[in-house]
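# Per-entry structural report
Residues per chain are reported as follows:
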Amino acid sequence: MASSLQGRLPINEDVLLMQKGTPMRKVRSKSWKKLRYFQLQEDGMTVWHARQAGGRAKPSFSISDVETVRGGHESELLRSLAEEFPLEQGFTIVFHGRRSNLDLVANSVEEAKMWMQGLQLLVDFVTNMDQQERLDQWLSDWFQRGDKNQDGRMSFREVQRLLHMMNVDMEQEYAFQLQAADMSQSDTLEGEEFIEFYKALTKRAEVQELFENFSADGQKLTLLEFVDFLQEEQKEGDHASDLALELIDRYEPSESGKLRHVLSLDGFLSYLSSKDGDIFNPTCLPIYQDMTQPLNHYYINSSHNTYLVGDQLCGQSSVEGYIRALKRGCRCVEVDIWDGPSGEPIVYHGHTLTSRILFKEVVAAVAQYAFQTSDYPVILSLEIHCSWEQQEIIAQHLTEILGEQLLSSTLDGLLPTQLPSPEELRRKILVKGKKLRTLEEDLEEEEEEELESELERGQEARLELEAQTEPETPEMSPRSKDKKKKSTPIMCPSLSALVVYMKTVSFHSFTHSREHYRFYELSSFSETKARRLIKEAGNEFVQHNAWQLSRVYPSGLRTDSSNYNPQELWNAGCQMVAMNVQTAGLEMDICDGLFRQNGGCGYVLKPDFLRDTQSSFHPERPISSFKARTLLVQVISGQQLPKVDKTKEGCIVDPLVRVEVFGIRPDTARQETSYVENNGFNPYWGQMLCFRVLVPELALLRFVVKDYNRRSRNDFVGQYTLPWTCMQQGYRHIHLLSKDGTSLHPASIFVHLCIREGLDGDES
């Protein structure tokens, strides 16, 4: 299919050589290294592989699946094979989501460079595609799949089979549209004819009806008509006039329409399908919150046992766990450190069969990737099980590898009265762990040492002067004899000194913490203990978290690396709710949903009632002073929903939409539509769902599409989760994500949202 996209495809010598194909070794482990023949297809968007040149090939990956390409020296696996293969000949393809990396070794350094440069060129091209180009590519991919003999055309039977793959039941209506699209009357569809057929299939009757409701002539929206729509339906407020002009200029395809300030149906649909028409408010996408408040005023995106990429008993430990966590916005990562061979500390889940990695490699990865996604501080949560000697090595690695990134003293050298802010700690790495003394004692000793140093310098100067006039050697100063003797600590002082604002302490009670602990000291709670404290003393927990940090971690019984729902811990103001980020599912959808806002920087400002040490808020018993809301969600239609089981070509989904609210316990609810039989391509529901929410500041919304199954649990199709505070009202598209959190473009659902004040009150 010769699409407009292929005309713009960046073609250079690297891409042309990739299209010819080359043999490379695919490496999965030290023992699994197999020769495969890799080739970029003519569309420039997919790579296939075969056991040998000319052999039966199968798809390996799409360029749109690739996040980046790394050199061989950055791969743990390829580094372990450095004696067998030169690192310059190896490279790693890193995919979006949780898909495992692909390690390859080329036959020469030149071939490796050619693949790395060519792939990165294509990845950059795909990343910068606009909405129409992405749709063109999606259509091109489907056409390639349907055109079995690759002759550039499809028979009606091939089209019917392709429609089944695309979740469309081939009814009589579609058959007529198919014949109408066959302009050449060849009983086949060529590339452009397929595009016209697709356009006929994707006409949006519900959007056209909405358009005609506001258009006087049914052909266009004048500027005033579009302003009315933005104010009445989209709740855009006083700035609707200026916004209307911007949107017309951005989405109206015809130049004459732009000049006349009118919006055609195509332009209207383009707006509704864009980021401006998305359910997620675009003003919440960049960093928009106050980042100058103390650290304990923020939720902090946190990872548990970050080194694990599998289960907690036998799973693989990998530096890749840290790279992925940091790149997805985690700002607190955990490191379990044990004595290793040859004096080098190692990281793994102690007393289990999980594999081991070197601590210094973890620190090197953190140094490289800490601030690629966010400039705000990274917290290294250290669990140290090492001897004194290896603790000194830990301190040495942290100091030498992290360098200026490591925060090793208070920001101004003075005793603070509260924790510093994310803004003050930009591009700094903080160590969280045990500490021998208080921060006050550390600073006091620093002052004493500075004073002693000055006295020493003065003494040395005096002695030097005396030595010039008297030949006798004076008696040494007795100062050191008077110095206070200290008992040998169980922790290495050089490591203890690196813990500044994050000293871990045992939790006894909220009263004990108030009376004995300082603001820079924090406690960790298992999910079980934290839940119990919320039930028993929810308001005290809220007040505690208003002045001190808390970290919550998954139960030790979660050996499969499953997750708990972070929402109920956030409700109490717990900042670092650590997740097994390697495990996809509902709980990670909620976590990703909260941290999707504020530039994805890993810090989200807590509501004001969770930042007040005198707060009366109780997460289990919210008081009536909160302004309750009613949310009306009309689930209208779906577009291009993916097939759940791609191996069953003839099976078409029966989609339904479930809307879930997560927040305080009384607000947590879910409702769903009925299912539409045999239509994943353009299902229509048109059903209204109603939710009553007492504390919207804490609520998250999750939209899930399921494939109805009367015999078993409904299968997951796609989802999207976002904070209530980032939701836009009106007619909105929700662009679905996979279970892994990657885009399912162009899959979406079309909804109308309306928030009313009070539980049954007037529209706000």
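Reading the values: rules and limits
- Residues numbered from 1 in each chain as written.
- Predicted model: local features only at pLDDT ≥ 70, side-chain atom pairs only at ≥ 80, totals over all residues.
- Heavy atoms only, no water.
- UniProt positions renumbered as here; feature names shortened; annotations may be inferred.
- Helix = DSSP H or I, 4+ residues; strand = E, 2+ residues; numbered from the N terminus.
- Pairing = 2+ DSSP bridges.
- Domains from an automatic or database assignment.
- Contact = heavy atoms within 4.5 Å.
- Buried area = accessible area lost by both parts, 1.4 Å probe.
- Salt bridge = Lys/Arg side-chain N within 4 Å of Asp/Glu carboxyl O.
- Nonpolar A, V, L, I, M, F, W, Y, C, P; charged D, E, K, R; others polar.
- Core = buried A, V, L, I, M, F, W, Y, C linked by side-chain atoms within 4.5 Å.
- Buried < 20%, exposed > 50% of the residue type's maximum accessible area, 1.4 Å probe, protein only.

## Quick look at the UniProt feature "domain: PI-PLC Y-box" (unreviewed entry) in the protein
Under the feature "domain: PI-PLC Y-box" (unreviewed entry), the UniProt entry names residues 495-611. End-to-end, the C-alpha atoms of residues 495-611 are 32 Å apart, and along that stretch the chain is 36% helix and 20% strand.

## Re the pairing of strand E17 (residues 378-385)
Here strand E14 (residues 332-338) pairs with E17 via 7 bridges, running parallel. What sits directly across from Cys 332, in E17, is Ile 379. Inspection of the sheet shows E17 paired to strand E18 (residues 429-433) by 4 bridges, in the parallel sense. The residue bridging Leu 380 from the neighbouring strand is Val 431, located in E18.

## Examining the domain arrangement of the protein
With domains assigned, the protein is organised as domain 1 (13-128), domain 2 (132-202), domain 3 (205-277), domain 4 (295-440 + 490-503 + 520-527 + 549-602) and domain 5 (629-757). Taking only C-alpha atoms into account, the centre of domain 4 sits 34 Å from that of domain 5. Opposite the 15 residues of domain 4 that make contact, domain 5 presents 18 residues. Buried area between domain 4 and domain 5, both sides added, is near 1,200 Å², and the carbon and sulfur share of it is 56%. Area buried by domain 4 at its contact with domain 5 is led by Gln 567, Asp 589 and Arg 596, which between them contribute 39% of it. In this structure, the salt-bridge partner of Arg 702 is Asp 589, at a minimum N-O distance of 2.8 Å. Where the side of domain 4 that touches domain 5 is concerned, the elements lending two or more residues are helix H22 (567-570) and helix H23 (586-595). A breakdown of the residues in the side of domain 4 that touches domain 5 according to their chemical character gives 6 nonpolar, 6 polar and 3 charged.

## Things to note about the nonpolar core
Within the largest apolar cluster, 72 residues are counted, with the highest numbers of intra-cluster contacts made by Val 335, Leu 380, Leu 398, Phe 541 and Phe 617. Among the elements that make up this core, the one with the highest residue count is helix H15 (residues 359-369) (7 residues). Taken domain by domain, this core gets at least three of its residues from each of domain 4 (295-440 + 490-503 + 520-527 + 549-602) and domain 5 (629-757). Beyond its immediate sequence surroundings of up to four residues, Leu 380 is in contact with Val 333, Val 335, Val 366, Leu 398, Leu 402, Ile 429, Leu 430, Val 431 and Lys 432.

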